[in-house]
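Chain residues, written in single-letter form:
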Amino acid sequence: MNSVLITGANRSIGLELVKEFSKKGLFVYLGTRDLEKGKLVVKNLNENGYENIKAITIDVTNPDTIVAAKNIVEREQGKLDILINNAGISGEMPQNASNTSIAAIQNVFDTNFFGVISVTQVFLELLKKSDSPRISNITSGLGSLTLHSDPNWKYYNFKSASYGTSKAALNAYTIVLAYELRDLLFKVNVIDPGYTATDFNHHNGPGTIESAANFIIKHTLTDDSGPTGKFFSNDIEDETGISPW
C-alpha cells in the first residue's frame, strides 16, 4: 500500500485531500500540530467509512516534530510515496511593502517557505525508497510574478508583502528541487488549488474544497511520464492548467 503524508491536514483542503487519498486506497498520514485534535478528526473519518488514516504530529516550524514524524513513517512503512506540503499561513493583513515588519514577514516565511524545505529535506530519504515518489508543494496564484505584473490579471490588486512573496520563494525552491531530482523517479511540482472558500480566507473565493483537492490529486498522481518542475493552477482556464511563473 502506497503512503502519503499531508501537512496541515486536519481541516479545509488538507482534510479533503485526506478523504480523497483514503478513498483511492492509500495509507494517509494526517499531519497536524495538535495530535489530540487530529485523532478526533480521524475518529470522525473512520466513523464515516474512511480507512487507513493516522494522525501524526508535525509542526513544520519545529524540526523535532518533523524528525519524529519521519521516524514514525519509516518504522511503519519503510518509505514514503507522496509528500503534500500543504501547511501554510496567510499572516496578518494588510501586507504593504513599505511598512510590513520584518518579523511579520519572517513569521510567514517560517511556515510557507522554510517549513516546506525542512519537511522535504527530512523526508527525502524515505521518498527515495519509493518506486514513484511525488512531492507537491501547495502554492498560490499570488506567487506568480508574471501574473502579478499584468494589470489585466483579475487578482492584480491583491498584493501581499508576506504571503505572496513566500509563495513566490516556494515556487523558486521547487524549480531548484525538481532540477536536482530530475534523473530520479521524482515528480516535483507546485500546485495552486485556486481561490477556494476555506477557513484560511474566511470562506471567500469561488472555488470549493472538493475542486481544490481533486485538482491537487490530479497533478500529484501522475505516471512516470508526467511533468516535473511545473506550476499548475486551478484558476488557469485551459486544459493544461499550467500557470506562468
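Reading guide: rules and limits
- Residues numbered from 1 in each chain as written.
- Predicted model: local features only at pLDDT ≥ 70, side-chain atom pairs only at ≥ 80, totals over all residues.
- Heavy atoms only, no water.
- Salt bridge = Lys/Arg side-chain N within 4 Å of Asp/Glu carboxyl O.
- Buried < 20%, exposed > 50% of the residue type's maximum accessible area, 1.4 Å probe, protein only.
- Helix = DSSP H or I, 4+ residues; strand = E, 2+ residues; numbered from the N terminus.
- Core = buried A, V, L, I, M, F, W, Y, C linked by side-chain atoms within 4.5 Å.
- Contact = heavy atoms within 4.5 Å.
- Pairing = 2+ DSSP bridges.
- Expected span 1.5 Å × (residues − 1).
- Arc of directions from axis to C-beta.
- Polar contact = N/O pair within 3.5 Å; in protein donor to acceptor, adjacent residues only side chain to side chain.

A.B. asks: I tried to follow the pattern of salt bridges on my own but got confused; where do I start?
C.D. replies: In the structure shown here, the tally under the stated rule is eight salt bridges. Its salt-bridge partner being Asp81, residue Lys79 comes within 2.6 Å of it at the nearest N-O pair. On the basis of relative accessible area, Lys79 is assigned to the partly exposed category, the value being 21%. By relative accessible area, which is 2% here, Asp81 ends up buried. The residue Arg134 makes a salt bridge to Asp224 at a minimum N-O spacing of 3.6 Å. Placement of Arg134 in strand 5 (residues 134–138) and of Asp224 in the loop between helix 7 (209–218) and strand 7 (231–233) is noted, with a sequence separation of 90 residues between them. Each of Lys70, Glu74, Glu125 and Lys129 takes part in one network of salt bridges that share partners.

A.B. asks: Explain the nonpolar core here, please?
C.D. replies: It is characteristic of soluble globular proteins that their nonpolar side chains tend to be buried jointly. Ranked by internal contacts, the top residues of the largest apolar core, which has 28 residues, are Leu5, Leu80, Phe123 and Leu127. When residues of this core are assigned to their parent elements, the largest contribution, eight residues, is made by helix 4 (residues 102–127). Ignoring anything within four residues of it in the chain, the contact list for Leu80 reads Ser3, Val4, Leu5, Val73, Phe123, Leu126, Leu127 and Ser130. Core analysis: the second largest hydrophobic core is formed by 27 residues, Ala9, Tyr50, Ala212 and Ala213 among them.

A.B. asks: Hey, could you run me through the pairing of strand 6 (residues 187–192) in this one?
C.D. replies: Side chains on a regular strand alternate between the two faces of the sheet. Burial analysis of strand 6 places six of its six residues in the buried class, which makes it a mostly covered element. As defined by bridge partners, strand 5 adjoins strand 6 across five bridges and the pair is classed as parallel. Bridge assignment links Asn137 to a residue of strand 6, and that residue is Val190. With three bridges connecting them, strand 6 and strand 7 associate as parallel partners. What sits directly across from Asp192, in strand 7, is Ser233.

A.B. asks: Quick question: what am I supposed to make of helix 3 (residues 63–77) here?
C.D. replies: Each turn of an α-helix holds 3.6 residues, which means side chains three or four residues apart point in the same direction. Its 15 residues place the ends of helix 3 21 Å apart at the C-alpha level, agreeing with the 21 Å of an ideal helix rising 1.5 Å per residue. Inspection of helix 3 places Thr65, Ile66, Ala69, Lys70 and Val73 among the buried residues, and these make up the whole buried set. Seen end-on, helix 3 carries its buried residues on one side only, within an arc spanning 140°. In helix 3, the exposed residues that point more than 90 degrees away from the buried face are Pro63, Asp64 and Arg75. On its buried face, helix 3 sits against strand 2 (27–32), strand 3 (53–57) and helix 4. Capping the start of helix 3 is the job of one residue whose side-chain oxygen sits 3.0 Å from the backbone nitrogen of Asp64: Asn62.

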